[in-house]
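Next come the chains, spelled out residue by residue.
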Amino acid sequence: MTRKGFTLGDAAREFIRHPSPWMIGGTLMVSATARIALGDWQLTDAVVPVVMLAVFPLFEWIIHVFVLHWRPRRFGRITVDSILARDHRRHHVDPRDIPLIFIPWRALLWVLPLAVAIAVLAFPRLELGLTFLTFLTALGLGYEWCHYLIHSDYKPKTAVYRAIWRNHRNHHYKNEHFWFTVTSTGTADRILGTYPDPATVATSPTAKNLHAAATPAR
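Bear in mind the structure is a predicted one, so any value in this text is a computation, not a measurement.

1. Brief notes about the UniProt feature "domain: Fatty acid hydroxylase" (unreviewed entry) in the protein
Taking the numbering used here, the UniProt-annotated feature "domain: Fatty acid hydroxylase" (unreviewed entry) corresponds to residues 50-194. Secondary structure over residues 50-194 splits into 65% helix and 4% strand, and the C-alpha atoms at its two ends are 25 Å apart.

Dropping the structure here:
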């Protein structure tokens, strides 16, 4: 499929072939159904999604920097290196390997139950917890779709998506130390100082091999 001929329909058909959209989407459907069934809508049910939407770029940045770009560390005989970090390094090696674009389904086996536990235990009302879980999984599904689309052959057609596309492509093909947000145009990057002018940034020799020692130029 050439880049010119790859449509959103083509992207959607590929997207649903992978497990993480179904796992996240299934959790979204169950939590949304339960939330609607329970009712008892209050002002906080509107406030929570607004706050989550505002902090999501920062959350993305933190996860990308401290979890996905985690450098393996040894503590005695134990090496601490999560599947998320390992698969993300493989993703940088080959950004067009489609299965590596998605959140590893094995990680979702504990991430989704953790999110459910937070929704049930960390909120004063179960209804509010379900509001949180519904919006969290909606954001997660949106993240998966956006990340997949950026790495697919779909050509940007709007200014907003083109900016998001360029931001993440710079991270993979220009320099892995900058441009950590995925679903926005550098919002958290601008705040945290990782959104430089690409023209002023040298192309990194380790963008496809995270944590490797760079070979000195000759």
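Anyway, onward from the coordinates.
2. So, the packing of aromatic side chains
Evaluation of the coordinates by the stated rule reveals 11 aromatic pairs. With centroids separated by 5.7 Å and ring planes inclined at 45°, the aromatic side chains of Phe15 and Phe102 adopt a geometry described as tilted. Within this pair, whereas Phe15 is found in helix α1 (residues 8-15), its partner Phe102 is found in the loop between α4 (83-93) and α5 (105-121), the two being separated by 87 residues in sequence. Here Phe15 falls in the buried class, since its relative accessible area comes to 8%. You can call Phe102 buried: its relative accessible area is 6%.

3. Brief notes about the packing of α1 against helix α6 (residues 126-151)
A pair of packed helices is captured by two measures, namely the crossing angle of their axes and the spacing between those axes. At a minimum axis distance of 11 Å, the contact between α1 and α6 shows a crossing angle of 120°. Comparing their axes, α6 and α1 come out oblique. You can see that α1 and α6 cross each other, and the crossing is right-handed. In this structure, α1 contributes Leu8, Ala11, Ala12, Glu14 and Phe15 to the contact, and α6 contributes Leu141, Glu144, Trp145, Tyr148 and Leu149. Its residues assigned to classes, the contact of α1 with α6 shows 8 nonpolar, no polar and 2 charged.

4. Some points on the environment of Ile150
Along the chain, Ile150 turns up in helix α6. Judged by its relative accessible area of 0%, Ile150 is buried. Separated by 19 residues in sequence, Ile150 and Arg169 have C-alpha atoms that sit 7.7 Å apart. With residues up to four places along the chain from it excluded, the contact list for Ile150 reads Tyr161, Ile164, Trp165, His168, Arg169 and Val182.

5. Re α4
Taken across its 11 residues, α4 has 8 buried, putting it largely inside the fold. Where α4 is buried, its residues contact α3 (44-68), α5, α6 and α7 (159-173).

6. Notes on unusual backbone geometry
Peptide bonds are trans in most cases, and residues, glycine excluded, mostly fall at negative phi. Backbone geometry at Asp40 places phi at a positive 55°, although glycine is not the residue there. Take Asp40: it is sitting in the loop between α2 (19-38) and α3. A positive phi angle, near 60°, is found at Trp179, a position not held by glycine. The residue Trp179 is located in the loop between α7 and α8 (187-192) in this model.

7. Structural notes on the environment of Ser152
Within the element layout of this structure, Ser152 appears in the loop between α6 and α7. The exposure class assigned to Ser152 is buried, which follows from its relative accessible area of 5%. Along the chain, Ser152 and Leu8 lie 144 residues apart, while their C-alpha atoms are 10.0 Å from each other. There is a polar contact of 3.1 Å between the side chain of Ser152 and the backbone nitrogen of Tyr154.

8. Quick look at the environment of Tyr161
Of note, Tyr161 is situated in helix α7. Residues Tyr161 and Leu68, 93 residues apart in the sequence, show an inter-C-alpha distance of 23 Å. Not counting residues within four places of it along the chain, the set of residues in contact with Tyr161 comprises Leu149, Ile150, Tyr154 and Pro156. Of the polar contacts made by the side chain of Tyr161, one reaches the backbone nitrogen of Ile150; its length is 3.4 Å.

9. Brief notes about the pattern of salt bridges
Throughout the structure, instances matching the rule amount to 9 salt bridges. Across the pair Asp40 and Arg125 runs a salt bridge whose closest N-O atoms are separated by 3.5 Å. One end of the pair, Asp40, is in the loop between α2 and α3; the other, Arg125, is in the loop between α5 and α6, and 85 residues separate them in sequence. According to the relative accessible area criterion, Arg125 is buried, its value standing at 15%. Arg125 is the partner of Glu127 in a salt bridge, and the nearest nitrogen-oxygen pair spans 3.9 Å. Residue Glu127 is classed as buried on the basis of its relative accessible area of 16%.

Thresholds, definitions, all that
- Here the residue numbering is sequential within each chain, running from 1 through the sequence in written order.
- Only residues with pLDDT of 70 or above have their local features reported here, since the model is predicted, and side-chain atom pairs are shown and tallied only from 80 upward, although totals for entire chains, interfaces and linings are computed over all residues.
- Processing note: side-chain calculations cover all non-hydrogen atoms of the structure and skip hydrogens and water entirely.
- UniProt positions are given in the numbering used here, feature names are shortened, and annotations may be inferred rather than shown by experiment.
- To qualify as a helix, a DSSP run of H or I must reach at least 4 residues; to qualify as a strand, a run of E must reach at least 2; elements of each kind are numbered from the N terminus.
- Paired rings are identified among Phe, Tyr and Trp, the last through its six-membered ring, by centres lying within 6.5 Å, and are further divided according to the angle between planes into stacked (under 30 degrees), edge-to-face (over 60) and tilted (the rest).
- Using a 1.4 Å probe on the protein chains alone, a residue whose accessible area is under 20% of its type maximum counts as buried, one over 50% counts as exposed, and one in between counts as partly exposed.
- Helix axes are fitted only over the stretch in contact, all axes being lines through C-alpha atoms; the angle between N-to-C directions runs from 0 to 180 degrees.
- Any angle between 65 and 115 degrees counts as roughly perpendicular, while under 35 counts as roughly parallel, over 145 as roughly antiparallel, and the rest as oblique.
- Crossing handedness is read from the near helix: turned anticlockwise from the far helix by less than a right angle, it gives a left-handed crossing, and turned clockwise, a right-handed one.
- Contact between two residues is taken to exist if any of their heavy atoms lie within 4.5 Å; hydrogens are not considered.
- Note that Gly is not counted as nonpolar here; it falls among the polar residues with everything else outside the nonpolar set of Ala, Val, Leu, Ile, Met, Phe, Trp, Tyr, Cys and Pro and the charged set of Asp, Glu, Lys and Arg.
- As used in this structure description, the phrase polar contact means that two N or O atoms lie within 3.5 Å; if the pair is within protein, one of them must be able to donate a hydrogen and the other to accept it, and residues adjacent in sequence are counted only when both atoms belong to side chains.
- Salt bridges are identified by distance alone: a Lys or Arg side-chain nitrogen within 4 Å of an Asp or Glu carboxyl oxygen.

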